[in-house]
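For reference, the chains in residue letters:
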Amino acid sequence: MTTAVPPAKPPGRLARWWDSDIAFSFRSSPVTVMATLLALLLVLAAVAAPLIAPYDPFDPASLDLSDGFSKPMEPNEITGKVFWLGSDGQGRDIFSAILYGSRISLLVGAASVLFSLVIGVGLGLVAGYVGGRTEALIMRVADIQLSFPAILVALLVFGVARGLIPPALQERATLFVLVAAIGLSNWAQYARTVRGSTLVEKNKVYVDAARLIGLKAWPVMLKHVLPNVAGPVLVIATINLALAVIEEATLSFLGVGMPPTQPSLGTLIRFGQQYLFSGEWWILLFPSLVLVLLALSINLFGDWLRDALNPKLR
Amino acid sequence: MSQPVLSVRDLTVEFVTRRATLRALDKISFDIARGEVLGVVGESGAGKSVTGSAIIGLIDPPGRIAGGEVVLSGERVDNLPPDAMRKVRGKRIGMIFQDPLTSLNPLYRVGEQLIETIQTHTDLNASDARKRAIALLDEVGIPAPERRIDGYPHEFSGGMRQRVVIALALCAEPEFIIADEPTTALDVSVQAQIIALIKRLCKERGTSVMLVTHDMGVIAETADRVAVMYAGRIAEIGPVREVVKQPLHPYAKGLMGAIPSLEGDAERLVQIPGSMPRLSAIPPGCAFNPRCAQVFARCHVERPELIPVGDRKVACHLYDEPGAMGGKAEIAA
Amino acid sequence: MSEAPLIQVRDLRRVFDVSKPWLNRVLENSPRQYLKAVDGVSFDIRKGETFALVGESGSGKSTVARMVVGLLPPSDGTVSIAGVSMNDVNVAQERQRLRRRIQMIFQDPYASLNPRWRVGRIIAEPIRAFQIIDGEADILARVGELLTLVGLHPDDAKKFPHEFSGGQRQRIAIARALASNAEFIVCDEPTSALDVSVQAQILNLMRDLQQKFGLTYLFISHNLAVVRHMATRIGVMYLGRLVEVSEGKSLFSNPRHPYTRMLLDAVPDLAMVGKAREGVKGEIPNPISPPSGCTFHPRCPLVFDRCRVENPPVIDGVACHAVNEGRVAAA
């Protein structure tokens, strides 16, 4: 990490960033650097799955049953093909399946975080800024929401959506239902945090100064308050991304998530656990390992971000 | 002259940061005699609070005492181990802070806190300690102390709380008290009462006080001598009347002129251009040189030491050469 | 002096509900509690003068300021600017026109500027909101002009507030207040968070700007010396009421209300080196349950029976039974 040593003068934007306190705190924490690199690697691999994956695991034409149950790094007993991380019963390449699977997991995770963020930040901002009954109503709903386990809420939303959507569309709608289910089970946390920060910010006099020139509530909230409550939201969003990925995996593992035709990491783990005791351990182990590493690395980055943005801990 | 209660010699405090070592206190020296109130004034960043913290050994990392010594009644205290220093604090040095609530635990009755402190520092038994606590509360002017001693801090008004804190500081009969902005959080009318109380107590008990504040008015009324600090150094130190009425150091002159008074008829206040330098950007030579109207070549290169002028000491090159320069300065003053 | 005053404040009141939450009230059987922060305050401010309100904490001076600029609706009473009352204006455009004439400078320069905005955008905000200048280039030029006016550099527009010291931030706040070409500026403790040498710079700047643009100030402060330096006329507040209004320096040479006298006696001042002074009695009572009659009576050396029951009206600039009845030599 000796690349961006600031040049003599004048320091460019990048060099100034590199010298800033936050970049320094990042550099001086090896765990964070490692975690971030790992997370980036996993995300990039997932995004670039079609380019990297040696096989397309979901093209039925390319599957050969005689490739089934190949051990990792060993040539298949019949066909002689080598699968890095082995193959499953249908002869699907586990490595490719993991790449495509994490793609879906991350997509669902990111989309649901965005979904809950928009709802939560919006409601929190309104609750904190408007106050009174609006605030009481929003926050009590959030309290009720928080008193149910997130997974239960997600199951509930999922079940209701299943009942409402015609069966023909269900398979295609699963992704959106999943995003809505996970998103709706997590918005309350954002709402609480944003409401708290908004209560602090709205009493600062720069908000008064904006009101003095006749700005209405919405412009004040969006232009003045929102940028100043964004820090904690960013932290929660990062940590929630890891949680959302796990939540999606849990739902898919329970069989209410992504269908086998578009498997996520959770779906892969569900398949894999059937083979755990019959000796084909790799079908379960590798997807699980990737899930753990993905969640862990994002979490470690989020932890650092929280500390770095919290002036009290510096 | 008898031995001073507190003697500070070349005290230097540094804060080590990633980029640089910042000098918050730069070789400051002063004495406080028995029963004397030394006012320490300065604007934010002058190092007045750091001085107090350094004397009681409460400089937290990344700060450290980088040099000099603190001598309390002939005994050096700046190099004591933390345990021994803890005993000196409270027993021999009392402390009064700006916000009484930081010194009082809201969960305990006022009496419990007083009695606990008394028993830590003396060998009185519980009932004697309680009697002493009541006597102390009475002494600091709390009405009906027998009843009020069982109250909680939140049941006291701001001024009364500060009285309790003063009583707490007096528990172990310290020879020296550090009062850091003791009246800043209080209303004007209460402020006057607390000033009068501090003044009375040190006269009666012969306790020495270091009064740290940004309020020249408070210093003018309370202190015997005053030290004016600027950028971690003492600019001028001397009897309060002289320093307030005829300051010598250009910064002290500017400071006194900048304060609106209840008397006099200044249309415009004296204005010192610029502001106190950050610790990371203290200029070489005299720290005040970029803002000084009487600056000359020497000020840019050589740091002025405190030199005696009459009863006072001034850190300014204007007074160093007894010839033309010094004379000029006297006339200008 | 025959000119109509620019600002007229009439019988201004503000009550805050400081009750505990509903559940606590029911469980603890405690009644609703109200705090009369401002209790019938009236005064005029003439064009081009500095009217100061001085008082200790809880006197309601800041609440008055917030009501005058329209940040807080009064419970009762009116504030009018050049004869037009804020309450009477219902058209949004008219209201904006009134707002444009009033601006405010706040106490804490660290909280009064949005930390995420560049200085240029902060100062330009009123210009845009009131549509004073069109065209980005012209706005930028005006921002530079305003920054120069308050002693900063036009290039400072590109920086963020945290790059400035407290005094410089207060200059930026002043530039923002001037951006709408306001004629009346409410200054709520504008220098009490600043160091004295910086305070002097800001006070001098405010005076210069007043002379240059004929500004009218409502100056709120707890610092009597600062008020004496700045004010043309002074109102002294105690527990939500105006107890004395006086022409500038005569308040200091000839204080009439017993509270004013006490306050003047209490202020630590440079001129007081080595002088003894009279002790001050008591502290400010809890404003939730203020004393009956004249709220100052428990601390007043001139108290008599009438003070305990009857709130004294302001007569000839003083709200005190003893002064009004001539029991004290008003000198």
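Residues numbered from 1 in each chain as written. Chains lettered and ligands numbered in written order. Predicted model: local features only at pLDDT ≥ 70, side-chain atom pairs only at ≥ 80, totals over all residues. Heavy atoms only, no water.

1. Description of unusual backbone geometry
Look at the link from B:P61 to B:P62: it is a cis peptide, with omega at 10°. Residue placement: B:P62 occurs in the loop between α1 (48-55) and β4 (63-72). Even without being glycine, C:Q131 reaches a positive phi, approximately 50°. The residue C:Q131 is located in the loop between α4 (119-129) and α5 (136-149) in this model. By relative accessible area, C:Q131 is classed as exposed at 63%. Of note, the phi angle at C:N181 is positive, near 55°, even though the residue is not glycine. (Helix = DSSP H or I, 4+ residues; strand = E, 2+ residues; numbered from the N terminus. Buried < 20%, exposed > 50% of the residue type's maximum accessible area, 1.4 Å probe, protein only.)

2. Remarks on the pattern of salt bridges
Tallied over the entire structure, the rule returns 52 salt bridges over all chains. In this structure, B:E204 engages B:R200 in a salt bridge whose closest nitrogen and oxygen atoms are separated by 3.2 Å. Separated by four residues within a single helix, B:E204 and B:R200 lie in helix α8 (residues 188-205), roughly one turn from each other. Accessibility expressed as a relative area gives 51% for B:E204, which makes it exposed. Salt-bridge contacts for C:R46 lead to C:E49; the nearest nitrogen and oxygen are separated by 3.4 Å. The partly exposed category is assigned to C:R46, whose relative accessible area is 22%. Judged by its relative accessible area of 4%, C:E49 falls in the buried class. One continuous salt-bridge network, built from bridges that share partners, spans B:E14, B:R23, B:D26, B:R64, B:R233 and B:R303. (Salt bridge = Lys/Arg side-chain N within 4 Å of Asp/Glu carboxyl O.)

3. A short note on the interface of chain B and chain C
How big an interface is tends to be expressed through the accessible area that disappears when the partners come together. Opposite the 45 residues of chain B that make contact, chain C presents 43 residues. Where chain B abuts chain C, roughly 3,700 Å² becomes buried across the two surfaces, and 52% of that area is made up of carbon and sulfur atoms. For the chain B face of the interface with chain C, the top three residues by lost area are B:V188, B:E221 and B:L262, together amounting to 19%. Applying the counting criterion to the chain B and chain C interface returns one salt bridge. Across the pair C:D208 and B:R268 runs a salt bridge whose closest N-O atoms are separated by 2.7 Å. Taken together, the links from chain B to chain C amount to 11 residue pairs in polar contact (both at pLDDT 80 or more). Those elements that provide at least two residues to the side of chain B that touches chain C are α7 (158-170), α8, α9 (216-222), α10 (240-245) and α11 (250-258) of chain B. Counting residues per element, the side of chain B that touches chain C draws most heavily on α8(B), at seven residues. (Contact = heavy atoms within 4.5 Å. Buried area = accessible area lost by both parts, 1.4 Å probe. Polar contact = N/O pair within 3.5 Å; in protein donor to acceptor, adjacent residues only side chain to side chain.)

4. Digging into the environment of B:P106
All names here are of chain B. Topologically, P106 is positioned in the loop between α3 (100-103) and α4 (110-121). When its relative accessible area of 53% is taken as the criterion, P106 is described as exposed. For the pair P106 and G310, spaced 204 residues apart in sequence, the C-alpha to C-alpha distance is 49 Å. If near-sequence neighbours (up to four positions away) are discounted, P106 is found in contact with Y152 and P153.

5. A few points about the sheet that holds strand β10 (residues 233-239) of chain B
All names here are of chain B. With mixed pairing, the eight strands of this open sheet are ordered in space as β6-β7-β8-β3-β9-β10-β12-β11. A single partner strand is all that each edge strand has here, and the edge strands are β6 (93-96) and β11 (307-309). With direction set aside, neighbouring strand axes in the sheet form an average angle of 20°. Pairing analysis gives six bridges linking strand β9 (residues 225-230) to β10, with the strands arranged antiparallel. By the bridge assignment, V228 is partnered in β10 with E236. (Pairing = 2+ DSSP bridges. Axes fitted to C-alpha atoms, helices over the stretch in contact; angles between N-to-C directions.)

6. Brief notes about the pairing of strand β3 (residues 37-41) of chain B
Residue and element names in this part refer to chain B. With respect to burial, β3 is a largely interior element, five of its five residues being buried. Burial along β3 is two-sided: V37, G39 and V41 facing one way and L38 and V40 facing the other are all buried. As judged from the five bridges shared by β3 and strand β8 (residues 208-213), these two strands associate in the parallel manner. When the bridges of β8 are listed, V37 appears paired with V209. Relative to β9, β3 runs parallel, the two sharing four bridges. Bridge pairing in β9 links V41 to V228.

7. Considerations on the side chain of B:T12
Among the structural elements, B:T12 can be located in strand β1 (residues 6-16). Filtering out sequence-adjacent residues up to four positions away, B:T12 remains in contact with B:R23, B:L25, B:D26, B:K27, B:R64, B:I65, B:A66 and B:G67.

8. What to know about helix α11 (residues 217-253) of chain A
All names here are of chain A. The end-to-end C-alpha distance of α11 is 45 Å, clearly below the 54 Å that 37 residues give at a rise of 1.5 Å each. If you look at α11, its biggest bend is around 55°, right at L226, and the proline P227 turns up within four residues after that. With its phi angle positive at about 90°, G255 sits one or two positions after the end of α11. (Expected span 1.5 Å × (residues − 1). Bend = angle between axes of the 7 residues up to and from the residue.)

9. Things to note about the packing of aromatic side chains
Residues and elements named next belong to chain C. The final tally for this structure, using the stated rule, is 13 aromatic pairs over all chains. The interplanar angle of 50° and the centroid separation of 4.4 Å between the aromatic rings of Y238 and Y259 together place this pair among those described as tilted. In this pair, Y238 is assigned in strand β9 (residues 233-238) and Y259 in helix α10 (residues 258-266), connecting sequence segments 21 residues apart. We classify Y238 as buried; its relative accessible area is 2%. Between Y238 and F296, the aromatic rings sit 5.2 Å apart at their centres with planes inclined by 85°, giving edge-to-face as the arrangement. Of this pair, Y238 sits in strand β9 while F296 sits in the loop between α10 and α11 (305-309), and the two are 58 residues apart along the sequence. (Phe/Tyr/Trp six-rings, centres within 6.5 Å; stacked < 30°, edge-to-face > 60°.)

10. Focus: a nonpolar patch on the surface
A cluster of nonpolar residues, A:I144, A:F148, A:L152, A:L155, A:F253 and A:L254, forms a patch on the protein surface that exposes about 540 Å² of accessible area. Mapping A:F148 onto the fold places it in the loop between α6 (132-146) and α7 (150-164). (Patch = residues over 30% accessible without salt bridge, like charges linked within 9 Å, V, L, I, M, F, W, Y side chains within 5 Å. Areas by Shrake-Rupley, 256 points an atom, 1.4 Å probe, with all protein chains shown as cover.)

11. A closer look at the packing of helix α3 (residues 30-47) of chain A against helix α5 (residues 94-130) of chain A
Residue and element names in this part refer to chain A. Contact pair α3 / α5: the axes reach a minimum separation of 8 Å and the direction vectors enclose 105°. Accordingly, the angle class assigned to the pair α3 and α5 is roughly perpendicular. Together, V43, A45, A46 and V47 of α3 and L99, S102, R103 and L106 of α5 make up the contact between the two elements. A per-class count over the contact of α3 with α5 returns six nonpolar, one polar and one charged. (Parallel < 35°, antiparallel > 145°, perpendicular 65-115°, else oblique. Nonpolar A, V, L, I, M, F, W, Y, C, P; charged D, E, K, R; others polar.)

12. Some points on the interface of chain C and chain A
Listed per partner, the contact involves 22 residues of chain C and 15 residues of chain A. The contact between chain C and chain A buries some 1,600 Å² in all, and 60% of this surface belongs to carbon and sulfur atoms. At the junction of chain C with chain A, the criterion picks out one salt bridge. Note that C:R66 and A:D208 form a salt bridge whose closest N and O atoms lie 2.8 Å from each other. Joining chain C to chain A, the criterion identifies nine residue pairs in polar contact (both at pLDDT 80 or more). Mapped onto the side of chain C that touches chain A, the elements with two or more residues apiece are α2 (61-69), α3 (92-101), β6 (102-105) and α4 of chain C. The residue inventory of the side of chain C that touches chain A, partitioned by class, reads 11 nonpolar, four polar and seven charged.

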